[in-house]
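# Tertiary structure, described
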Amino acid sequence: MNELGRLEDLPLDYRQALTELNLVPLWPSLRGVLPPNKPRILTRPTHWPYQTLRPLLLKAGELTPIEKAERRVLVLANPGHGLEKMQASAAIYLGMQLLLPGEWAPSHRHTPNAVRMIVEGEGAYTTVDGQKCPMSRGDLILTPTGLWHEHGHDGTDPVVWLDVLDLPMVYYMEASYHINGERQKVLPGQGERGYSRGGMLPSPVFQRTANPYPMLRYPWADAKAALLSIAANDPALEHVQITYVNPETGAHAENILGFYALMLRPGQTLKLPARSPASVYHQIEGRSQVQIEACSFDLVEADTCCAPGYTPITLVNKSATDPAFLFVADETPLHTKLGVYEVR
Ligand code: GTQ
C-alpha cells in the first residue's frame, strides 16, 4: 500500500498555522481512522468469573449503603478500552448489581436502554413504567430508554443481576442523562402484560397497542421451554437460539443491543462466523467453553465473557450429558441500523 505523508514531513510553522485555526491534515491519520480490511479493535476477549467477583460485590454491600450508591454495581470493564471507560465493548456496558433484603434503589429514567439478566436470589423486583416485574434466575427484564424504573427487594437473601446497557454508545453520542423521580404507583398486571404465549397478542376491542415496549419481562422458564422445544423439533438443527423480540413488531426488544438465549446440546461444538458486532456470553445453566481467537474461557454458571466483533467464535458444551444454556447480548441492531453489519 502507498506510504502516506507523515506529520513530521510538514514544516513546523505550517503545522502551527493549522493548529491555530483548528485545522488538521488528514493524510497522516488516514490509515488510522480507515485501516485496511478490518477496523482497529480495542475490545479484548475478557472473562469475569462469578465466583471471584461475588465476594467483592457482597463486600460492597457492607462498605457502601444503598443510599450512597443508588445503584450498587461493579462494572465489568474491558481492559482494552481502559477500565475507567467502564465499557465491555464499543457499545456495551455490563455491570453486576447487588440489592440486599429491604433495600430500595430509587426511581429514575435515563436515555440509555438497559436490560437485567437475573443471576441469583429471589424476592426482588423491578418496577418499570408502573409494572412490577418479579426477578428470578435467568429472567430478562427490559428497562428501555426513557421508562421509569426502580428496584426493590422483599426477600431474605442478596439478589444479584447483570445489567446490560448501551451506555457507551449513548454517552459517546453526548446523549446520556438521567432524571430522578418519585416512587412509582404500581399498576395492575405483571411485566408480561398479557404477552405470555407466542403468536397470540392481546387485542381489546380489536385494537393492537401503540406502546413501543409492550413486554418488559421474559421469564427464563418460557425461554428455556422454547429452546428445548426448538431442539426437540429439529434434532439436526445446529444453532438452537431464540431472539428476545418486541411481540407486536417482531423487531429486537430494544433499539441498540440485541438479546438472545442459546442452547448447546450435550457435547456440542458450535462454530459462529466472524460478524461485525461485539458480543457477550453469560452462562445461565451448565458449563461452556468459549474460544475467541487465541483465548479460551471456561464458563461455569453465572460467568460472563465478552468477544470483539469481526472474530469467529467457537462454543463448546463441556457436558456430554446435559444441555448448556447461555444468555447472549450483542450490537446487531445498532450495526444493522447503521448499515455496517457484516458476516464474513
Ligand atoms: O439499575 O438503573 O448498572 O441506571 C447502570 C446505570 C444500572 C439501573 C447500571 C443504571 C442502572
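The following refers to the structure shown. These numbers come from a predicted model, not from an experiment.

### Some thoughts on the pairing of strand β8 (residues 140-143)
One face of the sheet, then the other: side chains in a regular strand alternate in exactly this way. Residues of β8 alternate between two faces, with Leu 140 and Leu 142 on one and Ile 141 and Thr 143 on the opposite face, all of them buried. Of the strand pairs in this sheet, strand β5 (residues 114-120) and β8 are connected by 4 bridges, and their pairing is antiparallel. Looking at the pairing, Met 117 lines up with Leu 140 of β8. Summarising the sheet, β8 and strand β12 (residues 217-218) pair through 2 bridges and their orientation is antiparallel. Paired with Leu 140 across the bridge in β12 is Tyr 218.

### Remarks on a nonpolar patch on the surface
There is a patch of nonpolar side chains on the surface, built from Tyr 14, Leu 26, Trp 27, Val 33 and Leu 34 and spanning about 530 Å² of accessible area. Locating Trp 27 in the fold gives a position in the loop between α1 (12-20) and α2 (30-33). Residue classification places Trp 27 among the partly exposed positions, given a relative accessible area of 38%.

### Digging into the site of the ligand
For the ligand, the full set of nearby residues is Arg 71, Val 73, Tyr 93, Gln 97, His 108, His 110, Arg 116, His 149, His 151 and Asp 163. Note that an oxygen atom of the ligand is positioned 2.8 Å from one of the side-chain N or O atoms of Arg 71. Contact with the protein chains removes 89% of the 290 Å² of surface that the ligand exposes when unbound. Put simply, the parts of the chain that give the shell around the ligand at least two residues each are β3 (93-99), β4 (104-110) and β9 (149-153).

### Concerning the sheet that holds strand β7 (residues 131-134)
Hydrogen bonds between backbone groups are what pair the strands of a sheet, and the pairing can be parallel or antiparallel. The 5 strands lie next to each other as β7-β6-β9-β4-β11, forming an open sheet whose pairing is antiparallel. Unpaired on one side and paired on the other, β7 and β11 (178-180) mark the two borders of the sheet. Each strand axis lies, on average, 30° off the axis of its neighbour in the sheet, ignoring direction. As paired strands, β4 and β11 are joined by 3 bridges and run antiparallel to one another. Looking at β11, one finds that Arg 109 is bridged to Ile 179.

### A closer look at the nonpolar core
Residues Leu 94, Met 96, Leu 140, Val 164, Tyr 244, Phe 259 and Phe 327 are the most contacted members of the largest nonpolar core, which totals 59 residues. Among the elements that make up this core, the one with the highest residue count is strand β10 (residues 159-165) (5 residues). Not counting chain neighbours up to four residues away, the residues in contact with Tyr 244 comprise Leu 140, Tyr 218, Trp 220, Ala 223, His 252, Ala 253, Phe 259, Tyr 260, Ala 261 and Phe 327. Core analysis: the second largest hydrophobic core is formed by 17 residues, Leu 270, Cys 305, Ile 313 and Leu 326 among them.

### Some points on the sheet that holds β3
Strands sit in the order β2-β3-β10-β5-β8-β12 across an open sheet of 6 strands; the sheet is antiparallel. Every other strand in the sheet has two partners, leaving β2 (73-75) and β12 as the edge strands with one partner each. Here β5 runs beside β10; their pairing, made up of 6 bridges, is antiparallel. Each bridged residue has a counterpart across the sheet, and for Met 117 the counterpart in β10 is Leu 162. Most of the contacts of helix α3 (residues 50-63) go to β3, to which it runs at about 55°, and overall it touches β2, β3, β5 and β10.

### Side note on the pattern of salt bridges
For the coordinates displayed, the defined rule picks out 12 salt bridges. Among the ionic pairs, Asp 139 bridges to Arg 217, the shortest N-O distance being 2.9 Å. Of this pair, Asp 139 sits in the loop between β7 and β8 while Arg 217 sits in strand β12, placing them 78 residues apart in sequence. Judged by relative accessible area, which is 12%, Arg 217 ranks as buried. Residue Lys 224 pairs with Glu 285 through a salt bridge whose shortest N-O separation is 2.9 Å. Pair noted here: Lys 224 is in helix α5 (residues 220-233) and Glu 285 is in strand β16 (residues 279-285), with a separation of 61 residues, a long-range link. Owing to a relative accessible area of 22%, Glu 285 belongs among the partly exposed residues under this scheme. Via salt bridges that share partners, Asp 139, Glu 192 and Arg 217 belong to a single interconnected network.

### Observations regarding the packing of aromatic side chains
According to the stated counting rule, one finds 4 aromatic pairs in the structure shown. When the centroid spacing of 5.4 Å and the interplanar angle of 85° are considered together, the rings of Tyr 218 and Tyr 244 count as edge-to-face. On the criterion of sequence distance, the pair formed by Tyr 218 in strand β12 and Tyr 244 in the loop between β13 (240-243) and β14 (258-264) is long-range, its members being 26 residues apart. Across this residue pair, the class does not change: Tyr 218 and Tyr 244 are buried. Both rings, one in Trp 220 and one in Phe 325, keep their centres 5.6 Å apart while their planes meet at 80°; by these two values the pair is edge-to-face. A residue pair is termed long-range when its members are at least 10 positions apart, and Trp 220 in helix α5 and Phe 325 in strand β21 (residues 324-330) qualify at 105 residues. The pair formed by Trp 220 and Phe 325 is uniform in burial state, with each residue classed as buried. Aromatic rings pair up to connect Tyr 218, Tyr 244, Phe 259 and Phe 327 into one cluster. The ring of Tyr 125 is capped by Lys 132, whose NZ or CZ atom sits 4.1 Å from the centre of that ring.

Criteria and thresholds
- Residues numbered from 1 in each chain as written.
- Predicted model: local features only at pLDDT ≥ 70, side-chain atom pairs only at ≥ 80, totals over all residues.
- Heavy atoms only, no water.
- Buried < 20%, exposed > 50% of the residue type's maximum accessible area, 1.4 Å probe, protein only.
- Helix = DSSP H or I, 4+ residues; strand = E, 2+ residues; numbered from the N terminus.
- Pairing = 2+ DSSP bridges.
- Patch = residues over 30% accessible without salt bridge, like charges linked within 9 Å, V, L, I, M, F, W, Y side chains within 5 Å.
- Areas by Shrake-Rupley, 256 points an atom, 1.4 Å probe, with all protein chains shown as cover.
- Salt bridge = Lys/Arg side-chain N within 4 Å of Asp/Glu carboxyl O.
- Near = heavy atom within 4 Å.
- Polar contact = N/O pair within 3.5 Å; in protein donor to acceptor, adjacent residues only side chain to side chain.
- Axes fitted to C-alpha atoms, helices over the stretch in contact; angles between N-to-C directions.
- Core = buried A, V, L, I, M, F, W, Y, C linked by side-chain atoms within 4.5 Å.
- Contact = heavy atoms within 4.5 Å.
- Phe/Tyr/Trp six-rings, centres within 6.5 Å; stacked < 30°, edge-to-face > 60°.
- Lys NZ or Arg CZ within 6 Å of the ring centre and 35° of its normal.

No statement about biological role is implied by the geometric values presented.
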